Amino acid sequence: NAGSNAATAPKTENKGAKIENEKKPEGQKSTKAKDVPVPADWVYMYNDKRGYGFSLPADSTGQDQSVDGADVYLATTPSEIGVLVFAFKDEKLTKEDLLKTAEKVLNDMGYTIQAGKLTGESDDYSVAEATMTNKEGKKSKVKVLVGTDVTDNYVMVVGTEESKFAANEKIIDEIWGSFEMWSGGASGGK
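Residues numbered from 1 in each chain as written. Predicted model: local features only at pLDDT ≥ 70, side-chain atom pairs only at ≥ 80, totals over all residues. Heavy atoms only, no water.

S.K.: Is there a simple way to think about the packing of aromatic side chains in this case?
M.R.: By the definition in use, this model includes eight aromatic pairs. Seen in terms of ring centroids, Tyr 52 and Phe 179 are 5.5 Å apart; in terms of plane orientation they differ by 15°. Their pairing is stacked. On the criterion of sequence distance, the pair formed by Tyr 52 in strand S2 (residues 52-57) and Phe 179 in the loop between helix H2 (162-177) and strand S11 (180-181) is long-range, its members being 127 residues apart. Residue classification places Phe 179 among the buried positions, given a relative accessible area of 7%. On the basis of an interplanar angle of 15° and a centroid distance of 6.3 Å, the ring pair of Phe 86 and Phe 88 is categorised as stacked. A relative accessible area of 12% means that Phe 88 is categorised as buried. (Phe/Tyr/Trp six-rings, centres within 6.5 Å; stacked < 30°, edge-to-face > 60°. Helix = DSSP H or I, 4+ residues; strand = E, 2+ residues; numbered from the N terminus. Buried < 20%, exposed > 50% of the residue type's maximum accessible area, 1.4 Å probe, protein only.)

The following block contains the structure:
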């Protein structure tokens, strides 16, 4: 009989030690980012000429203007998030072209910008993170949303000082995430 009577070692799982509540260090300053609470009250901003809209926290300030054939909207939220939207017509541009356009516009405004890769949110929209530095060397971190339909193009830049970005990121995501175009999207409403 070749049966095995050998005993096997019992299997044990390494669960580690139970985590106990520990006392926070005294006398050391915490560097944890404090989230700015997402506001409960929002207002909707709509541009009927260019067919887009989005939401901003209540008490934000803004203005629109026309620059070189593009409609431009600038806003600032109560927690000092800056919003820049520009909309213009050009049926030949891709979302990558729109990101390059955003970089050029921001360069023309005096910023050096280092944008990451666009990630596809949908056929109509993509978003990229970027770092901007102004002439005085002050850094900002932003998210750049690009959207295109058959003929209209939209670029939204939303961000704040680099040191305030993490605390405001949920609000920043709510702003760019609320952007809507009413002209049909890249498929032209098909």
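S.K.: What am I meant to see in unusual backbone geometry here?
M.R.: One non-glycine residue, Asp 59, adopts positive backbone phi at about 75°. Among the secondary structure elements, Asp 59 is positioned in the loop between S2 and strand S3 (61-67).

S.K.: Would you mind showing me how to read the pattern of salt bridges here?
M.R.: Close approach of charged atoms allows side chains with opposite charge to pair. Enumeration over the complete set of coordinates arrives at 11 salt bridges. For Asp 71, the salt bridge is made with Arg 50, and the minimal N-O distance between the two is 3.1 Å. Note that Asp 71 is positioned in strand S4 (residues 70-76) and Arg 50 in the loop between strand S1 (42-47) and S2, a separation of 21 residues in sequence. Of the residues examined, Asp 71 reaches a relative accessible area of 8% and is grouped as buried. Residues Lys 143 and Glu 169 are paired through a salt bridge, measuring 3.0 Å at the closest nitrogen-oxygen approach. Of the two residues, Lys 143 is situated in strand S9 (residues 139-148) and Glu 169 in helix H2; the sequence distance between them amounts to 26 residues. (Salt bridge = Lys/Arg side-chain N within 4 Å of Asp/Glu carboxyl O.)

S.K.: What is the right way to look at the nonpolar core in this model?
M.R.: One broad rule of soluble globular proteins: the nonpolar side chains tend to lie buried together. Counting 23 residues, the largest nonpolar core has Tyr 52, Phe 54, Val 83, Met 156, Ile 175 and Phe 179 as its most contacted members. Among the elements of the structure, S2, S4, strand S5 (82-89), strand S8 (125-133), strand S10 (152-161) and H2 are those that each provide at least two residues to this core. Considering every element that reaches this core, the biggest residue donor is H2, with five residues. Not counting the four nearest positions on each side in its chain, Ile 175 is found in contact with Trp 42, Phe 54, Ser 55, Leu 56, Pro 57, Thr 77, Ile 81, Val 83, Met 156 and Val 158. Of all hydrophobic cores here, the second largest spans 19 residues; its members include Leu 98, Leu 118, Ala 130 and Val 144. (Core = buried A, V, L, I, M, F, W, Y, C linked by side-chain atoms within 4.5 Å. Contact = heavy atoms within 4.5 Å.)

S.K.: Got a minute to help me understand H2 in this structure?
M.R.: The periodicity of an α-helix, 3.6 residues per turn, causes residues three or four positions apart to be oriented the same way. The principal kink in H2, of about 75°, is found at Asn 168. Within H2, burial applies to Phe 165, Ala 167, Asn 168, Ile 171, Ile 172, Ile 175 and Trp 176. On its buried face, H2 is in contact with S1, S2, S5, S8, S9 and S10. (Bend = angle between axes of the 7 residues up to and from the residue.)

S.K.: What exactly am I supposed to notice about the sheet that holds S1 here?
M.R.: Pairing between sheet strands relies on hydrogen bonds along the backbone, with the strands arranged either parallel or antiparallel. With antiparallel pairing, the three strands of this open sheet are ordered in space as S1-S2-S11. The open sheet is flanked by S1 and S11, the only strands paired with a single partner. Relative to S11, S2 runs antiparallel, the two being bridged by two bridges. When the bridges of S11 are listed, Gly 53 appears paired with Glu 180. Here H2 sits on the sheet and contacts S1 and S2; the angle it forms with S2, its principal contact strand, is near 155°. (Pairing = 2+ DSSP bridges. Axes fitted to C-alpha atoms, helices over the stretch in contact; angles between N-to-C directions.)

S.K.: Could you clarify how one ought to interpret the confidence of the model for the chain in this entry?
M.R.: Atomic detail in the predicted coordinates should be set aside for any region of low pLDDT. Across the chain, pLDDT averages 82, with 77% of residues at or above 70. Ignoring residues within four places in sequence, the model shows residues 1-12, a span with pLDDT below 50, making zero contacts including any to other chains. For the stretch residues 186-190, pLDDT sits under 50, and the model shows eight contacts to residues farther than four places along the chain or on other chains. (pLDDT = per-residue confidence, 0-100.)

S.K.: Could you clarify how one ought to interpret the pairing of S2 in this entry?
M.R.: Side-chain positions along a regular strand alternate between the two faces of the sheet. Most of S2 is tucked away: six of the six residues are buried. Taking every second residue as pointing to the same face, both faces of S2 are buried, with Tyr 52, Phe 54 and Leu 56 on one and Gly 53, Ser 55 and Pro 57 on the other. Taken together, the six bridges between S1 and S2 define a ladder with antiparallel strand orientation. Across the sheet, the residue bridging to Tyr 46 is Gly 53, located in S2.

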